[in-house]
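# Structure assessment
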Amino acid sequence: MDSLKKPGQIEAHDGSSLRVGIVHARWNTAVIEPLVAGAKKTLHAAGVKDENIVVQTVPGSWELPIAVQRLYSASQVQSSKSSSLGAGDLLGGSTDLSKSATASSASTAAFDAIIAIGVLIKGETMHFEYIADAASNGLMRVSLDSGVPVIFGLLTVLNEEQALARAGVGGKGHNHGEDWGSAAVELGIKRRE
Ligand SMILES: O=Nc1c(NC[C@H](O)[C@H](O)[C@H](O)CO)[nH]c(=O)[nH]c1=O
């Protein structure tokens, strides 16, 4: 039956009026970079303007929840002051990997959705489990508390091969970043309905 969608199938939407944040960690950048590129690819394909995509970075996945919360809060305050919020590192330090929106070009509207991207690779200790649990619960809490859709872009994998396959690197697997961009558009539109 047409009405039955495949699991995970994402509806197509017009994203031309949306403003989307991407907050990504700086661990495992060989995987992070294609994931961010994949998310931006489907955001652009849905019509989201590059000046309405703000990319921020944090040291690691542990910092994703607080950075998403601050990005959302800052955009709320600044959209009322009609100043601009741009790329860079919310928590200090170097700027983002991509060359997305600059402070002068970013619009002042609040975000319609924020994509949190991190790559956690299991090591010898329980560190992986604690960060994965805290970051996933933290991102869900920020989303529910703020009402802004936070797209879960945290890869939790057992080795680098699994991570690369989920970023579509080397022609293997599928770039999950593309799904996250589409989910951001869908949820951003639905939030306005
Ligand atoms: O340890 N492995 C990882 C990691 N650790 C750093 C952590 O997220 C945080 O930045 C520091 O503990 C400082 O607070 N962060 C990741 O994104 N992926 C990993 O695989």
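Residues numbered from 1 in each chain as written. Predicted model: local features only at pLDDT ≥ 70, side-chain atom pairs only at ≥ 80, totals over all residues. Heavy atoms only, no water.

## Here's the deal with the confidence of the model for the protein
- When pLDDT is averaged across the protein, the result is 86; 79% of the residues are at 70 or more.
- Ignoring residues within four places in sequence, the model shows residues 89-106, a span with pLDDT below 50, making 53 contacts including any to other chains.
- Scored as a complex, the prediction yields pTM 0.85 and ipTM 0.98. (pLDDT = per-residue confidence, 0-100. Contact = heavy atoms within 4.5 Å.)

## So, the environment of Q76
- Here Q76 shows up in helix α2 (residues 64-81).
- For the pair Q76 and A183, spaced 107 residues apart in sequence, the C-alpha separation works out to 22 Å. (Helix = DSSP H or I, 4+ residues; strand = E, 2+ residues; numbered from the N terminus.)

## With respect to the environment of P34
- As for its position among the elements, P34 is in helix α1 (residues 29-45).
- Residues P34 and W180, 146 residues apart in the sequence, show an inter-C-alpha distance of 12 Å.

## A word on the sheet that holds strand β1 (residues 20-25)
- Spatial ordering of the open sheet is given by β2-β1-β3-β4, a layout of four strands whose pairing is parallel. Each edge of the sheet is formed by a strand with only one pairing partner; in this case those strands are β2 (53-58) and β4 (150-157). The sheet shows a mean angle of 15° between the axes of neighbouring strands, direction not considered.
- Pairing of β1 with β2 involves six bridges; the strand directions are parallel. Its bridge partner lying in β2, H24 is registered against T57. (Pairing = 2+ DSSP bridges. Axes fitted to C-alpha atoms, helices over the stretch in contact; angles between N-to-C directions.)

## So, the packing of aromatic side chains
- Evaluated as defined, the whole model comprises zero aromatic pairs.
- Looking at R19, its charged tip hangs above the ring of F111, at a distance of 4.2 Å from the centre. (Phe/Tyr/Trp six-rings, centres within 6.5 Å; stacked < 30°, edge-to-face > 60°. Lys NZ or Arg CZ within 6 Å of the ring centre and 35° of its normal.)

## Section: the site of the ligand
- Close to the ligand lie A25, W27, N28, G60, S61, W62, E63, V119, L120, I121, H127 and I131, which account for all nearby residues.
- Here an oxygen atom of the ligand and a backbone polar atom of W62 are 3.1 Å apart.
- Separating an oxygen atom of the ligand from a side-chain N or O atom of H127 is a distance of 3.3 Å.
- Coverage of the ligand by the protein chains reaches 76% of its 450 Å² of free accessible surface.
- Counting atoms within 2 Å of the grid points, the majority share of the ligand lands in the largest pocket.
- Elements with a minimum of two residues in the shell around the ligand: β3 (113-121) and α3 (127-146).
- The element contributing the most residues to the shell around the ligand is β3, with three residues.
- Tallied by class, residues from the shell around the ligand come to seven nonpolar, four polar and one charged. (Near = heavy atom within 4 Å. Polar contact = N/O pair within 3.5 Å; in protein donor to acceptor, adjacent residues only side chain to side chain. Areas by Shrake-Rupley, 256 points an atom, 1.4 Å probe, with all protein chains shown as cover. 1 Å grid on protein atoms, 1.4 Å probe; cavity = no way out; pocket = protein on both sides within 12 Å on 5 of 7 lines; lining within 4 Å. Sits in = over half its atoms within 2 Å of the grid points. Nonpolar A, V, L, I, M, F, W, Y, C, P; charged D, E, K, R; others polar.)

## Structural notes on the packing of α1 against helix α5 (residues 176-192)
- In contact at an axis separation of 6 Å, α1 and α5 are set at 40° when each is read in the N-to-C sense. The orientation of α1 with respect to α5, classified from their angle, is oblique. Note on packing geometry: the crossing formed by α1 with α5 is right-handed. Note on element contacts: α5 touches α1 through H176, G177, E178, W180, G181, S182, A184 and V185, opposite L35, G38, A39, K41, T42 and L43.
- Residue classes in the contact of α1 with α5 are distributed as six nonpolar, six polar and two charged. (Parallel < 35°, antiparallel > 145°, perpendicular 65-115°, else oblique. Left-handed = near helix turned anticlockwise from the far one by under 90°.)

## Focus on unusual backbone geometry
- Even without being a glycine, N28 presents a positive backbone phi close to 55°.
- In this structure, N28 sits in the loop between β1 and α1.

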